[in-house]
Amino acid sequence: EAQVTQNPRYLITVTGKKLTVTCSQNMNHEYMSWYRQDPGLGLRQIYYSMNVEVTDKGDVPEGYKVSRKEKRNFPLILESPSPNQTSLYFCASSLGTSGYNEQFFGPGTRLTVL
Amino acid sequence: GENVEQHPSTLSVQEGDSAVIKCTYSDSASNYFPWYKQELGKRPQLIIDIRSNVGEKKDQRIAVTLNKTAKHFSLHITETQPEDSAVYFCASRVMIKAAGNKLTFGGGTRVLVKP
């Protein structure tokens with residue numbers, strides 16, 4: 001089944017404890033992206049990747065890192081999480097980096113930073 | 001950068017009535033406008049989209065209109081049903097090669113269809 005997967009789905013952690021949220025897609029998509037969803041703010045892009053080893057900042061990149069060593073994986077890293085990073089996170093992917101390509105979303109990761 | 005405003009933030013309608021959600025965008029270079037539906041506890045899923053060279057698009061009970069001059073687009077749901085209850089997000093994309101498939105989302109509209 002074609003899909004985007006994320007792990008973990010739920011995570012409660014404490015301030016400063018490094019964590020990684022994994023994202024994987026099996027559709028051979030070039031474009032991958034991370035969003036955070038907060039009430040009233042919609043989905044805001046954190047980082048995106050146009051292809052392997054090609055990543056760039058989105059609208060709210062502070063406090064986050066990403067890597068794209070393989071085409072299928074795009075992990076999100078929080079080196080020193082803070083309470084303002086408590087949010088619902090979505091990974092998404094699309095076939096191409098241009099054109100009218102639908103973005104497919106993962107199931108989401110709800111993160112709480114205490 | 002691009003800014004997308006979405007209204008209303010909540011919308012309550014009686015089953016069978018129509019629902020309309022409106023969005024405005026700021027960058028006249030935007031050329032693609034998808035709409036996503038997010039059911040409670042689920043991921044956003046594309047329900048309809050429109051390109052900048054088209055003024056209206058329909059798919060069964062949903063339709064989207066685009067007014068490029070005014071820089072706004074709308075989602076219309078007719079004959080609403082309880083399963084239409086969800087959060088709806090509009091989005092726009094500016095065709096900048098360096099940004100790839102970057103979407104800018106509106107703040108979302110929570111739609112409640114009352115039986």
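So, here's what we can say about the structure. (Residues numbered from 1 in each chain as written. Chains lettered and ligands numbered in written order. Predicted model: local features only at pLDDT ≥ 70, side-chain atom pairs only at ≥ 80, totals over all residues. Heavy atoms only, no water.)

1. Focus: the pairing of strand 4 (residues 31-38) of chain A
Residues and elements named next belong to chain A. Among the eight residues of strand 4, eight are classified as buried, and the element is accordingly described as predominantly covered. Side chains Tyr31, Ser33, Tyr35 and Gln37 of strand 4 all project onto a buried face; the interleaved residues Met32, Trp34, Arg36 and Asp38 project onto the opposite face, where all are buried too. In the sheet, strand 4 pairs with strand 9 (residues 87-94) via seven bridges, with the strands oriented antiparallel. Residue pairing in the sheet places arginine 36 in a bridge with tyrosine 89 of strand 9. With seven bridges connecting them, strand 4 and strand 5 (residues 42-51) associate as antiparallel partners. For tyrosine 35, the partnering residue across the bridge sits in strand 5 and is glutamine 45. What sits between the antiparallel neighbours strand 4 and strand 5 is a turn of three residues, in which glycine 40 has the positive phi angle 80°. (Buried < 20%, exposed > 50% of the residue type's maximum accessible area, 1.4 Å probe, protein only. Helix = DSSP H or I, 4+ residues; strand = E, 2+ residues; numbered from the N terminus. Pairing = 2+ DSSP bridges.)

2. What to know about the packing of aromatic side chains
If you walk through the whole model with that rule in mind, you get 13 aromatic pairs over all chains. When the centroid spacing of 5.5 Å and the interplanar angle of 90° are considered together, the rings of tyrosine 35 of chain A and phenylalanine 105 of chain B count as edge-to-face. With one member in each of two chains, tyrosine 35 of chain A in strand 4 and phenylalanine 105 of chain B in strand 10 (residues 104-105) form a pair that bridges those chains. Judged by relative accessible area, phenylalanine 105 of chain B falls into the buried class, the value being 5%. Arranged with centres 5.9 Å apart and planes meeting at 65°, the rings of tyrosine 64 of chain A and tyrosine 89 of chain A form a pair that is edge-to-face. Here the residue tyrosine 64 of chain A occupies a position in the loop between strand 6 (54-57) and strand 7 (65-66), and tyrosine 89 of chain A occupies one in strand 9, the gap between them amounting to 25 residues. (Phe/Tyr/Trp six-rings, centres within 6.5 Å; stacked < 30°, edge-to-face > 60°.)

3. Here we look at the side chain of serine 49 of chain A
All names here are of chain A. Secondary-structure assignment places serine 49 in strand 5. Overall, the relative accessible area of 0% leaves serine 49 in the buried class. Of the polar contacts made by the side chain of serine 49, one reaches the backbone oxygen of asparagine 51; its length is 2.9 Å. A distance of 2.7 Å separates a polar atom in the side chain of serine 49 from a polar atom in the side chain of arginine 68. Ignoring anything within four residues of it in the chain, the contact list for serine 49 reads Glu30, Tyr31, Met32, Val54, Thr55, Arg68 and Phe74. (Polar contact = N/O pair within 3.5 Å; in protein donor to acceptor, adjacent residues only side chain to side chain. Contact = heavy atoms within 4.5 Å.)

4. What about the state of the cysteines?
With the rule as written, the count across this model stands at two disulfides over all chains. There is a disulfide in this structure between cysteine 23 of chain A and cysteine 91 of chain A, and the S-S distance comes to 1.8 Å. Between cysteine 23 of chain A and cysteine 91 of chain A, the disulfide has an S-S torsion of -70° and is therefore left-handed. Of this pair, cysteine 23 of chain A sits in strand 3 (residues 19-25) while cysteine 91 of chain A sits in strand 9, and the two are 68 residues apart along the sequence. Just as cysteine 23 of chain A is buried, cysteine 91 of chain A falls in that class too. Paired by a disulfide, cysteine 23 of chain B and cysteine 90 of chain B hold their sulfur atoms 2.0 Å apart. (Disulfide = S-S within 2.5 Å.)

5. Examining a nonpolar patch on the surface
Residue and element names in this part refer to chain A. A cluster of nonpolar residues, Ile12, Val14 and Leu114, forms a patch on the protein surface that exposes about 320 Å² of accessible area. Relative to the helices and strands, leucine 114 resides in the segment after strand 11 (109-113). A relative accessible area of 60% places leucine 114 in the exposed class. (Patch = residues over 30% accessible without salt bridge, like charges linked within 9 Å, V, L, I, M, F, W, Y side chains within 5 Å. Areas by Shrake-Rupley, 256 points an atom, 1.4 Å probe, with all protein chains shown as cover. Salt bridge = Lys/Arg side-chain N within 4 Å of Asp/Glu carboxyl O.)

6. Describing the interface of chain A and chain B
Taken residue by residue, the interface counts 26 residues in chain A and 22 residues in chain B. Summed over the three residues of chain A that lose the most area to chain B, namely Leu43, Tyr100 and Phe105 of chain A, the buried surface amounts to 32% of that side. Between chain A and chain B we count zero salt bridges in total. Applying the counting rule to chain A against chain B returns three residue pairs in polar contact (both at pLDDT 80 or more). Those elements that place two or more of their residues in the side of chain A that touches chain B are strand 4, strand 5 and strand 9 of chain A. Of all the elements, strand 5 of chain A adds the most residues to the side of chain A that touches chain B, at five residues. (Buried area = accessible area lost by both parts, 1.4 Å probe.)

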